[in-house]
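Listed below are the residues making up each chain.
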Amino acid sequence: MTSTGFRRTFAALSVCSLALAASACGSGDDGSSGGKTRITVNCEPPKSAEVDRGFFEQDVAAFEKKHPDIDVVAHDAFPCQDPKTFDAKLAGGQMEDVFYTYFTDAKHVVDIHQAADLTPYVKELKSYSTIQKQLRDIYTVDGRIYGVPRTGYSMGLIYNRKLFQKAGLDPDKPPTTWEEVRADAKKIAALGDGTVGYADYSAQNQGGWHFTAELYSQGGDVVGADGKKATIDTPEGHAVLQNLHDMRWTDDSMGSKQLLVINDVQQMMGSGKLGMYLSAPDNIPILVKEKGGDYKDLALAPMPGGKGTLIGGDGYMFNKHDTPAQIRAGLKWLDHMFLTPGKGFLGDYARAKKANAPVGLPEPRLFTGAADATDQQVKKANANVPVENYQAFLDGNQSLQMKIEPPDAQQIYSVLDSTVSAVLTKKDANIDQLLKDASGKIDGILARD
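Every value quoted in this text rests on a predicted model; they were computed, and no experiment measured them. (Residues numbered from 1 in each chain as written. Predicted model: local features only at pLDDT ≥ 70, side-chain atom pairs only at ≥ 80, totals over all residues. Heavy atoms only, no water.)

J.: Is there a simple way to explain the overall build of the chain in this structure?
T.: Across its full length, the chain holds 18 helices and 13 strands. At 22 Å, the chain has a C-alpha radius of gyration in line with the 22 Å of a compact globule built from 449 residues. Overall size of the chain, expressed as C-alpha extent along the three principal axes, is 70 × 50 × 40 Å. Looking at the chain residue by residue over its 449 residues, the buried ones come to 58%. Across the chain, contacts joining residues at least 24 apart in sequence account for 77% of those joining residues at least 6 apart. When the accessible surface of the chain is split by element, carbon and sulfur atoms take 51% of a total near 18,400 Å². (Helix = DSSP H or I, 4+ residues; strand = E, 2+ residues; numbered from the N terminus. Rg over C-alpha atoms; globule rule 2.2 N^0.38 Å. Buried < 20%, exposed > 50% of the residue type's maximum accessible area, 1.4 Å probe, protein only. Contact = heavy atoms within 4.5 Å. Areas by Shrake-Rupley, 256 points an atom, 1.4 Å probe, with all protein chains shown as cover.)

Here it is in C-alpha coordinates:
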(Lines give C-alpha, C1' and ligand atoms only; values in the text may rest on other atoms or scores of the structure.)
Protein backbone atom coordinates (compact mmCIF):
# COMPACT_ATOMS: atom_id res chain seq x y z
CA MET A 1 0.00 0.00 0.00
CA THR A 2 0.99 3.58 -0.38
CA SER A 3 0.59 5.61 2.75
CA THR A 4 -1.46 8.71 1.98
CA GLY A 5 -0.57 10.32 -1.32
CA PHE A 6 2.17 11.50 -3.61
CA ARG A 7 3.67 14.12 -1.33
CA ARG A 8 3.94 15.11 2.29
CA THR A 9 1.55 18.08 1.89
CA PHE A 10 -0.99 16.48 -0.40
CA ALA A 11 -4.58 16.20 0.78
CA ALA A 12 -6.56 13.28 -0.64
CA LEU A 13 -8.86 14.29 -3.46
CA SER A 14 -12.23 12.88 -4.39
CA VAL A 15 -11.79 13.57 -8.08
CA CYS A 16 -8.84 12.73 -10.31
CA SER A 17 -7.98 13.76 -13.79
CA LEU A 18 -8.98 10.56 -15.54
CA ALA A 19 -9.16 12.18 -18.93
CA LEU A 20 -5.53 13.18 -18.84
CA ALA A 21 -4.49 9.81 -17.47
CA ALA A 22 -6.34 8.02 -20.22
CA SER A 23 -4.96 10.19 -22.97
CA ALA A 24 -1.35 10.14 -21.76
CA CYS A 25 0.80 9.33 -24.73
CA GLY A 26 3.47 6.71 -24.34
CA SER A 27 6.90 6.17 -25.81
CA GLY A 28 6.09 5.34 -29.37
CA ASP A 29 8.47 7.93 -30.88
CA ASP A 30 12.23 8.38 -30.60
CA GLY A 31 11.89 11.07 -27.96
CA SER A 32 13.29 13.86 -30.10
CA SER A 33 11.50 17.08 -30.93
CA GLY A 34 13.09 20.13 -32.53
CA GLY A 35 16.56 18.96 -31.59
CA LYS A 36 15.50 18.34 -27.98
CA THR A 37 15.13 15.07 -26.11
CA ARG A 38 11.47 14.80 -25.10
CA ILE A 39 10.34 12.81 -22.06
CA THR A 40 6.86 12.27 -20.71
CA VAL A 41 6.58 11.91 -16.93
CA ASN A 42 3.64 11.30 -14.63
CA CYS A 43 2.55 12.03 -11.05
CA GLU A 44 2.27 15.77 -11.61
CA PRO A 45 -0.10 17.09 -8.92
CA PRO A 46 -3.56 17.88 -10.35
CA LYS A 47 -4.70 21.49 -10.67
CA SER A 48 -6.97 21.06 -7.66
CA ALA A 49 -3.82 20.65 -5.51
CA GLU A 50 -2.92 24.24 -6.22
CA VAL A 51 0.20 24.65 -4.07
CA ASP A 52 1.82 21.36 -5.04
CA ARG A 53 0.97 21.91 -8.69
CA GLY A 54 2.66 25.29 -8.57
CA PHE A 55 5.78 23.85 -6.95
CA PHE A 56 5.97 21.07 -9.53
CA GLU A 57 5.63 23.47 -12.45
CA GLN A 58 8.29 25.78 -10.98
CA ASP A 59 10.71 22.88 -10.66
CA VAL A 60 10.10 21.59 -14.18
CA ALA A 61 10.61 25.08 -15.58
CA ALA A 62 13.88 25.45 -13.64
CA PHE A 63 15.03 22.06 -14.92
CA GLU A 64 14.30 22.94 -18.55
CA LYS A 65 16.14 26.24 -18.15
CA LYS A 66 19.15 24.37 -16.78
CA HIS A 67 18.86 21.71 -19.51
CA PRO A 68 17.60 23.51 -22.65
CA ASP A 69 18.14 20.34 -24.67
CA ILE A 70 15.43 18.47 -22.71
CA ASP A 71 11.67 18.92 -23.04
CA VAL A 72 9.60 17.57 -20.12
CA VAL A 73 5.91 16.82 -20.72
CA ALA A 74 4.16 16.13 -17.42
CA HIS A 75 0.85 14.31 -17.00
CA ASP A 76 -1.26 14.75 -13.89
CA ALA A 77 -3.55 12.34 -12.05
CA PHE A 78 -4.48 11.26 -8.57
CA PRO A 79 -3.71 8.68 -7.49
CA CYS A 80 -0.36 8.74 -9.27
CA GLN A 81 -0.90 5.10 -10.12
CA ASP A 82 -4.31 3.51 -10.54
CA PRO A 83 -3.97 -0.26 -9.95
CA LYS A 84 -7.02 -0.86 -12.15
CA THR A 85 -5.40 0.64 -15.25
CA PHE A 86 -1.68 0.26 -14.55
CA ASP A 87 -1.06 -3.04 -16.36
CA ALA A 88 -3.30 -2.06 -19.26
CA LYS A 89 -1.33 1.16 -19.80
CA LEU A 90 1.91 -0.79 -19.80
CA ALA A 91 0.66 -3.48 -22.18
CA GLY A 92 -0.98 -0.94 -24.47
CA GLY A 93 2.11 1.21 -24.89
CA GLN A 94 0.40 4.15 -23.17
CA MET A 95 2.75 4.45 -20.20
CA GLU A 96 4.91 7.54 -19.84
CA ASP A 97 8.65 7.44 -20.52
CA VAL A 98 9.35 7.92 -16.79
CA PHE A 99 6.55 6.50 -14.67
CA TYR A 100 5.59 6.28 -11.01
CA THR A 101 5.38 2.95 -9.20
CA TYR A 102 4.76 1.67 -5.70
CA PHE A 103 7.61 -0.38 -4.27
CA THR A 104 5.44 -3.48 -4.56
CA ASP A 105 5.19 -3.08 -8.35
CA ALA A 106 8.90 -3.09 -9.16
CA LYS A 107 9.47 -6.81 -9.68
CA HIS A 108 6.13 -7.24 -11.45
CA VAL A 109 6.98 -4.58 -14.05
CA VAL A 110 10.30 -6.32 -14.67
CA ASP A 111 8.70 -9.75 -14.85
CA ILE A 112 6.30 -8.64 -17.58
CA HIS A 113 9.21 -7.10 -19.52
CA GLN A 114 7.99 -3.51 -19.46
CA ALA A 115 10.94 -1.83 -17.75
CA ALA A 116 14.10 -0.37 -19.25
CA ASP A 117 17.36 -1.64 -17.75
CA LEU A 118 19.02 1.37 -16.13
CA THR A 119 22.20 -0.44 -15.08
CA PRO A 120 24.43 1.03 -17.83
CA TYR A 121 23.20 4.56 -17.07
CA VAL A 122 22.66 4.78 -13.31
CA LYS A 123 26.24 5.88 -12.70
CA GLU A 124 25.16 9.16 -14.29
CA LEU A 125 22.60 9.65 -11.50
CA LYS A 126 24.64 11.75 -9.08
CA SER A 127 22.52 10.98 -6.04
CA TYR A 128 22.09 7.24 -6.53
CA SER A 129 24.80 6.11 -4.12
CA THR A 130 23.42 8.37 -1.37
CA ILE A 131 20.01 6.67 -1.31
CA GLN A 132 19.42 4.04 1.39
CA LYS A 133 20.55 0.68 0.05
CA GLN A 134 17.46 -1.19 1.25
CA LEU A 135 15.36 1.17 -0.89
CA ARG A 136 17.65 0.90 -3.91
CA ASP A 137 17.49 -2.88 -3.66
CA ILE A 138 13.72 -2.81 -4.18
CA TYR A 139 14.29 -1.80 -7.80
CA THR A 140 17.18 -4.23 -8.33
CA VAL A 141 16.21 -7.57 -9.86
CA ASP A 142 18.78 -10.29 -10.58
CA GLY A 143 21.57 -7.76 -10.16
CA ARG A 144 20.13 -5.29 -12.70
CA ILE A 145 18.73 -1.86 -11.81
CA TYR A 146 15.27 -1.00 -13.12
CA GLY A 147 14.15 1.98 -11.07
CA VAL A 148 15.00 4.73 -8.60
CA PRO A 149 13.31 5.27 -5.20
CA ARG A 150 11.70 8.64 -4.59
CA THR A 151 10.23 8.36 -1.08
CA GLY A 152 10.05 5.80 1.68
CA TYR A 153 7.93 5.41 4.79
CA SER A 154 7.77 3.10 7.78
CA MET A 155 4.81 2.36 9.99
CA GLY A 156 4.58 3.59 13.57
CA LEU A 157 1.99 4.37 16.22
CA ILE A 158 0.23 7.74 16.09
CA TYR A 159 -1.21 8.72 19.45
CA ASN A 160 -3.10 11.59 21.04
CA ARG A 161 -0.99 13.22 23.78
CA LYS A 162 -4.02 15.05 25.17
CA LEU A 163 -5.97 11.83 25.71
CA PHE A 164 -2.91 10.15 27.23
CA GLN A 165 -2.69 12.93 29.81
CA LYS A 166 -6.41 12.82 30.47
CA ALA A 167 -6.23 9.06 31.07
CA GLY A 168 -3.34 9.43 33.52
CA LEU A 169 -0.72 8.17 31.07
CA ASP A 170 2.66 9.79 30.38
CA PRO A 171 2.54 11.23 26.83
CA ASP A 172 6.34 11.20 26.74
CA LYS A 173 6.37 7.43 27.31
CA PRO A 174 4.23 5.83 24.59
CA PRO A 175 3.67 2.06 24.66
CA THR A 176 6.48 -0.08 23.26
CA THR A 177 4.82 -3.52 23.50
CA TRP A 178 1.41 -4.77 22.43
CA GLU A 179 0.64 -5.55 26.07
CA GLU A 180 1.23 -1.88 26.86
CA VAL A 181 -0.90 -0.81 23.89
CA ARG A 182 -3.73 -2.93 25.23
CA ALA A 183 -3.40 -1.56 28.76
CA ASP A 184 -3.21 2.06 27.58
CA ALA A 185 -6.13 1.62 25.18
CA LYS A 186 -8.28 0.30 28.01
CA LYS A 187 -7.54 3.35 30.17
CA ILE A 188 -8.27 5.73 27.30
CA ALA A 189 -11.54 4.01 26.43
CA ALA A 190 -12.55 4.29 30.10
CA LEU A 191 -12.73 8.07 29.64
CA GLY A 192 -16.14 7.45 28.05
CA ASP A 193 -18.06 9.92 25.91
CA GLY A 194 -17.41 7.83 22.79
CA THR A 195 -13.64 7.74 23.24
CA VAL A 196 -11.90 4.78 21.59
CA GLY A 197 -8.55 3.53 22.85
CA TYR A 198 -7.20 1.86 19.73
CA ALA A 199 -8.62 1.56 16.20
CA ASP A 200 -7.66 -0.59 13.25
CA TYR A 201 -8.63 -1.03 9.62
CA SER A 202 -10.51 -4.11 8.43
CA ALA A 203 -11.83 -3.37 4.92
CA GLN A 204 -10.75 -2.41 1.38
CA ASN A 205 -7.48 -4.41 1.70
CA GLN A 206 -6.39 -2.04 4.47
CA GLY A 207 -7.07 -4.63 7.18
CA GLY A 208 -4.68 -7.02 5.48
CA TRP A 209 -2.11 -4.26 5.18
CA HIS A 210 -2.23 -3.56 8.92
CA PHE A 211 -2.28 -7.25 9.82
CA THR A 212 0.98 -7.53 7.88
CA ALA A 213 2.52 -4.60 9.76
CA GLU A 214 1.41 -6.06 13.09
CA LEU A 215 2.78 -9.47 12.16
CA TYR A 216 6.14 -7.91 11.28
CA SER A 217 6.14 -6.19 14.66
CA GLN A 218 5.82 -9.59 16.34
CA GLY A 219 8.76 -10.95 14.35
CA GLY A 220 6.61 -12.92 11.91
CA ASP A 221 6.17 -12.84 8.15
CA VAL A 222 3.30 -13.27 5.71
CA VAL A 223 5.16 -15.31 3.09
CA GLY A 224 8.18 -17.57 3.44
CA ALA A 225 11.60 -16.61 2.11
CA ASP A 226 11.08 -18.69 -1.04
CA GLY A 227 7.88 -16.80 -1.83
CA LYS A 228 5.87 -19.98 -2.25
CA LYS A 229 4.02 -20.54 1.02
CA ALA A 230 2.09 -18.46 3.55
CA THR A 231 3.61 -18.16 7.01
CA ILE A 232 0.74 -16.59 8.92
CA ASP A 233 -0.55 -19.71 10.71
CA THR A 234 2.09 -19.31 13.40
CA PRO A 235 2.31 -18.22 17.05
CA GLU A 236 3.05 -14.69 15.81
CA GLY A 237 0.01 -14.63 13.54
CA HIS A 238 -2.15 -16.00 16.33
CA ALA A 239 -0.83 -13.33 18.71
CA VAL A 240 -1.85 -10.54 16.33
CA LEU A 241 -5.43 -11.75 16.05
CA GLN A 242 -5.76 -12.68 19.72
CA ASN A 243 -4.65 -9.21 20.76
CA LEU A 244 -7.20 -7.57 18.45
CA HIS A 245 -9.91 -9.95 19.69
CA ASP A 246 -9.14 -9.21 23.34
CA MET A 247 -9.07 -5.44 22.88
CA ARG A 248 -12.33 -5.58 20.93
CA TRP A 249 -14.34 -8.03 23.04
CA THR A 250 -12.73 -8.35 26.48
CA ASP A 251 -11.62 -4.75 27.03
CA ASP A 252 -14.13 -2.96 24.76
CA SER A 253 -11.33 -0.52 23.94
CA MET A 254 -11.81 -0.53 20.13
CA GLY A 255 -15.38 0.71 20.01
CA SER A 256 -18.40 -1.06 18.55
CA LYS A 257 -18.11 0.27 15.00
CA GLN A 258 -15.84 -1.90 12.87
CA LEU A 259 -15.01 -2.50 9.18
CA LEU A 260 -13.15 0.79 9.35
CA VAL A 261 -10.90 2.22 6.63
CA ILE A 262 -8.28 4.94 6.78
CA ASN A 263 -10.67 7.88 6.45
CA ASP A 264 -12.84 6.63 9.34
CA VAL A 265 -9.87 6.29 11.66
CA GLN A 266 -8.38 9.63 10.65
CA GLN A 267 -11.71 11.28 11.39
CA MET A 268 -11.79 9.73 14.85
CA MET A 269 -8.24 10.84 15.62
CA GLY A 270 -8.72 14.34 14.22
CA SER A 271 -11.86 14.87 16.31
CA GLY A 272 -10.02 13.91 19.50
CA LYS A 273 -11.97 10.70 20.09
CA LEU A 274 -9.19 8.17 19.41
CA GLY A 275 -6.12 7.34 21.45
CA MET A 276 -3.93 5.36 19.02
CA TYR A 277 -3.68 3.82 15.57
CA LEU A 278 -0.95 2.52 13.26
CA SER A 279 0.22 4.83 10.52
CA ALA A 280 3.12 6.44 8.74
CA PRO A 281 4.15 10.04 9.59
CA ASP A 282 2.46 11.52 6.53
CA ASN A 283 -0.95 10.96 8.16
CA ILE A 284 -0.22 13.77 10.61
CA PRO A 285 -0.73 16.77 8.28
CA ILE A 286 -3.94 15.21 6.97
CA LEU A 287 -5.21 14.88 10.55
CA VAL A 288 -4.55 18.58 11.06
CA LYS A 289 -5.52 20.12 7.72
CA GLU A 290 -8.57 17.95 6.96
CA LYS A 291 -9.75 16.30 10.16
CA GLY A 292 -9.54 19.06 12.76
CA GLY A 293 -6.49 17.85 14.70
CA ASP A 294 -3.72 19.94 16.27
CA TYR A 295 -0.02 19.31 15.73
CA LYS A 296 0.75 19.77 19.42
CA ASP A 297 -1.62 16.92 20.36
CA LEU A 298 -0.34 14.41 17.80
CA ALA A 299 2.76 12.33 18.46
CA LEU A 300 4.45 9.37 16.84
CA ALA A 301 6.00 6.30 18.44
CA PRO A 302 7.77 3.34 16.83
CA MET A 303 5.87 0.18 15.96
CA PRO A 304 5.03 -1.67 19.20
CA GLY A 305 6.60 -5.09 19.61
CA GLY A 306 10.16 -4.00 18.99
CA LYS A 307 11.00 -6.53 16.27
CA GLY A 308 10.04 -5.08 12.92
CA THR A 309 7.97 -2.63 10.94
CA LEU A 310 6.50 -2.42 7.47
CA ILE A 311 8.12 -0.07 5.00
CA GLY A 312 6.70 1.17 1.76
CA GLY A 313 7.09 3.98 -0.67
CA ASP A 314 7.42 4.79 -4.33
CA GLY A 315 9.83 5.53 -7.10
CA TYR A 316 10.16 5.87 -10.85
CA MET A 317 10.81 3.29 -13.53
CA PHE A 318 11.52 3.82 -17.24
CA ASN A 319 9.56 2.58 -20.22
CA LYS A 320 11.16 -0.31 -22.09
CA HIS A 321 10.85 1.70 -25.34
CA ASP A 322 12.93 4.62 -24.03
CA THR A 323 15.99 5.60 -26.04
CA PRO A 324 19.35 6.02 -24.30
CA ALA A 325 18.92 9.78 -24.61
CA GLN A 326 15.52 9.61 -22.89
CA ILE A 327 16.92 7.47 -20.06
CA ARG A 328 19.74 9.92 -19.47
CA ALA A 329 17.31 12.85 -19.58
CA GLY A 330 14.95 11.10 -17.16
CA LEU A 331 17.71 10.43 -14.67
CA LYS A 332 18.74 14.09 -14.74
CA TRP A 333 15.10 15.05 -14.15
CA LEU A 334 14.83 12.74 -11.12
CA ASP A 335 18.02 14.19 -9.65
CA HIS A 336 16.69 17.71 -10.05
CA MET A 337 13.12 17.09 -8.87
CA PHE A 338 13.44 14.66 -6.00
CA LEU A 339 16.96 13.55 -5.19
CA THR A 340 18.95 16.65 -4.28
CA PRO A 341 19.01 17.04 -0.46
CA GLY A 342 17.25 20.18 0.72
CA LYS A 343 16.07 21.15 -2.75
CA GLY A 344 13.44 20.29 -5.35
CA PHE A 345 9.80 19.26 -5.15
CA LEU A 346 10.18 17.22 -1.96
CA GLY A 347 13.22 18.90 -0.41
CA ASP A 348 12.73 22.66 -0.68
CA TYR A 349 11.70 23.04 2.94
CA ALA A 350 12.02 26.83 2.97
CA ARG A 351 9.53 27.08 0.12
CA ALA A 352 7.20 24.60 1.81
CA LYS A 353 7.30 26.58 5.05
CA LYS A 354 6.39 29.80 3.23
CA ALA A 355 3.38 27.99 1.77
CA ASN A 356 2.34 26.87 5.28
CA ALA A 357 3.06 23.23 4.47
CA PRO A 358 4.28 21.07 7.37
CA VAL A 359 8.07 20.87 7.68
CA GLY A 360 9.80 18.68 10.25
CA LEU A 361 7.98 15.37 9.98
CA PRO A 362 10.41 12.47 10.50
CA GLU A 363 9.90 10.99 7.05
CA PRO A 364 10.48 10.50 4.21
CA ARG A 365 14.12 9.79 5.02
CA LEU A 366 15.65 8.76 1.73
CA PHE A 367 19.35 9.52 2.02
CA THR A 368 22.37 8.34 4.00
CA GLY A 369 25.65 9.92 5.13
CA ALA A 370 26.44 13.51 4.22
CA ALA A 371 23.37 13.77 1.96
CA ASP A 372 21.09 12.81 4.85
CA ALA A 373 22.87 15.25 7.16
CA THR A 374 22.32 18.08 4.68
CA ASP A 375 18.67 17.19 4.18
CA GLN A 376 18.00 16.97 7.93
CA GLN A 377 19.83 20.23 8.60
CA VAL A 378 17.73 22.16 6.10
CA LYS A 379 14.56 20.48 7.38
CA LYS A 380 15.36 21.34 11.01
CA ALA A 381 16.13 24.95 10.11
CA ASN A 382 12.67 25.34 8.57
CA ALA A 383 10.63 23.13 10.92
CA ASN A 384 7.16 24.46 11.76
CA VAL A 385 5.79 21.38 13.56
CA PRO A 386 6.68 20.08 17.05
CA VAL A 387 9.59 17.80 16.08
CA GLU A 388 10.00 16.67 19.67
CA ASN A 389 6.71 14.77 19.32
CA TYR A 390 8.37 12.44 16.81
CA GLN A 391 11.70 11.77 18.51
CA ALA A 392 10.53 8.47 20.01
CA PHE A 393 9.70 7.26 16.52
CA LEU A 394 13.12 8.19 15.16
CA ASP A 395 14.94 6.63 18.10
CA GLY A 396 12.89 3.44 18.17
CA ASN A 397 13.17 2.82 14.44
CA GLN A 398 16.92 2.35 14.78
CA SER A 399 16.48 -1.12 16.28
CA LEU A 400 13.61 -2.37 14.10
CA GLN A 401 13.91 -4.64 11.08
CA MET A 402 12.53 -2.79 8.07
CA LYS A 403 10.45 -5.14 5.91
CA ILE A 404 8.77 -4.47 2.59
CA GLU A 405 5.25 -5.65 1.76
CA PRO A 406 4.78 -9.26 0.63
CA PRO A 407 4.56 -10.38 -3.01
CA ASP A 408 1.06 -10.19 -4.52
CA ALA A 409 0.35 -7.78 -1.69
CA GLN A 410 -3.08 -6.56 -2.75
CA GLN A 411 -4.45 -10.06 -3.37
CA ILE A 412 -3.07 -11.26 -0.05
CA TYR A 413 -4.46 -8.22 1.76
CA SER A 414 -7.89 -8.99 0.36
CA VAL A 415 -7.73 -12.45 1.95
CA LEU A 416 -6.48 -11.08 5.26
CA ASP A 417 -9.19 -8.41 5.32
CA SER A 418 -11.72 -11.18 5.88
CA THR A 419 -9.58 -12.67 8.64
CA VAL A 420 -9.24 -9.42 10.54
CA SER A 421 -12.85 -8.36 10.05
CA ALA A 422 -14.09 -11.72 11.36
CA VAL A 423 -12.13 -11.27 14.59
CA LEU A 424 -13.43 -7.73 15.07
CA THR A 425 -17.09 -8.47 14.26
CA LYS A 426 -17.59 -11.99 15.70
CA LYS A 427 -16.92 -12.56 19.38
CA ASP A 428 -16.71 -16.33 18.90
CA ALA A 429 -14.42 -16.19 15.85
CA ASN A 430 -12.16 -19.26 15.63
CA ILE A 431 -8.69 -17.76 15.22
CA ASP A 432 -6.99 -21.07 14.46
CA GLN A 433 -9.45 -21.86 11.69
CA LEU A 434 -9.29 -18.34 10.28
CA LEU A 435 -5.50 -18.55 9.98
CA LYS A 436 -5.67 -22.00 8.43
CA ASP A 437 -8.24 -20.91 5.83
CA ALA A 438 -6.33 -17.73 4.99
CA SER A 439 -3.09 -19.68 4.61
CA GLY A 440 -4.68 -21.99 2.05
CA LYS A 441 -5.99 -19.07 0.02
CA ILE A 442 -2.63 -17.27 0.09
CA ASP A 443 -0.86 -20.47 -0.99
CA GLY A 444 -3.22 -20.56 -3.97
CA ILE A 445 -2.36 -16.97 -4.90
CA LEU A 446 1.37 -17.66 -4.68
CA ALA A 447 1.02 -20.84 -6.74
CA ARG A 448 -0.30 -18.83 -9.69
CA ASP A 449 2.91 -16.78 -9.95
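The discussion continues.
J.: I tried to follow the environment of A62 on my own but got confused; where do I start?
T.: Looking at the element boundaries, A62 is found in helix α2 (residues 50-66). When the C-alpha positions of A62 and E124 are compared, they lie 20 Å apart, and in sequence the two are 62 residues distant.

J.: I'm lost on the pairing of strand β12 (residues 308-318) in this one. Help?
T.: For a regular strand, side chains alternate in direction, first toward one face of the sheet and then toward the other. Along β12, 11 of the 11 residues are buried, which leaves the element largely enclosed by surrounding structure. Burial along β12 is two-sided: the residues G308, L310, G312, D314, Y316 and F318 and T309, I311, G313, G315 and M317 are all buried. With five bridges joining them, strand β4 (residues 98-102) and β12 adopt antiparallel strand pairing. Paired with F99 across the bridge in β12 is M317. Note: strand β7 (residues 147-154) against β12, seven bridges, orientation antiparallel. From the neighbouring strand, T151 faces β12, where its bridge partner is D314. Two elements, β12 and strand β13 (residues 401-404), share four bridges in a ladder whose sense is parallel. (Pairing = 2+ DSSP bridges.)

J.: Sorry, what's going on with helix α7 (residues 178-189) here?
T.: Given 3.6 residues per helical turn, the α-helix brings residues three or four places apart onto the same face. Taking 1.5 Å of rise per residue, the 12 residues of α7 would be expected to cover 16 Å, and the 16 Å separating its terminal C-alpha atoms lies within 8% of that figure. All buried positions along α7 are accounted for by W178, V181, D184, A185, I188 and A189. All buried residues of α7 lie within an arc of 130° about the axis, which places them on one face of the element. On its buried face, α7 is in contact with β8 (156-160), α6 (161-166), β9 (196-198), α8 (206-217), α9 (235-250) and β10 (274-279). (Expected span 1.5 Å × (residues − 1). Arc of directions from axis to C-beta.)

J.: It is not clear to me how the side chain of D372 should be interpreted in this structure. Could you clarify?
T.: Mapped onto the fold, D372 is located in helix α15 (residues 369-381). D372 sits in the buried class, given a relative accessible area of 12%. Those residues in contact with D372 that lie beyond four places of it in its chain are R365 and F367.

J.: Hey, could you run me through the side chain of T195 in this one?
T.: Take T195: it is sitting in the loop between α7 and β9. The buried category is assigned to T195, whose relative accessible area is 12%. A distance of 2.8 Å separates a polar atom in the side chain of T195 from the backbone oxygen of G192. Beyond its immediate chain neighbours, meaning those up to four positions away, T195 contacts L163, I188, A189 and K273. (Polar contact = N/O pair within 3.5 Å; in protein donor to acceptor, adjacent residues only side chain to side chain.)

J.: Please explain the packing of aromatic side chains as it appears in this structure.
T.: Here a ring pair, both rings aromatic, is described through the centre-centre distance and the interplanar angle of the planes. By the definition in use, this model includes 13 aromatic pairs. With centroids separated by 5.6 Å and ring planes inclined at 90°, the aromatic side chains of Y316 and W333 adopt a geometry described as edge-to-face. Residue Y316 is found in strand β12, and its partner W333 is found in helix α12 (residues 324-337); the two are separated by 17 residues along the sequence. For the residue pair Y316 and W333, the accessibility class agrees, reading buried in each case. Ring pairing ties together the aromatic residues F56, Y100, Y102, Y316, W333, F338 and F345, which thus form one cluster. It is R248 that lies over the ring of W249; its NZ or CZ is 3.9 Å from the centre. (Phe/Tyr/Trp six-rings, centres within 6.5 Å; stacked < 30°, edge-to-face > 60°. Lys NZ or Arg CZ within 6 Å of the ring centre and 35° of its normal.)

J.: How do you make sense of the nonpolar core when you look at a structure like this?
T.: Nonpolar side chains in soluble globular proteins tend to end up buried together. If you look at the biggest cluster of nonpolar residues, it comprises 73 residues, and the most contacted ones within it are Y198, F211, I232, L244 and M276. Ranked by the residues each element gives to this core, the list is headed by helix α17 (residues 409-425), at nine residues. Ignoring any residue separated from it by four or fewer positions in sequence, one finds F211 in contact with I232, G237, V240, L241, L416, V420 and L435. (Core = buried A, V, L, I, M, F, W, Y, C linked by side-chain atoms within 4.5 Å.)

J.: What exactly am I supposed to notice about α8 here?
T.: Here α8 contains 12 residues, and its C-alpha end-to-end distance of 17 Å stays within 8% of the 16 Å for a straight helix at 1.5 Å per residue. Along α8, the residues that are buried comprise Q206, G207, G208, W209, H210, F211, T212, A213, E214, L215, Y216 and S217. G219 occupies a position one or two residues after α8 and carries a positive phi of about 95°.

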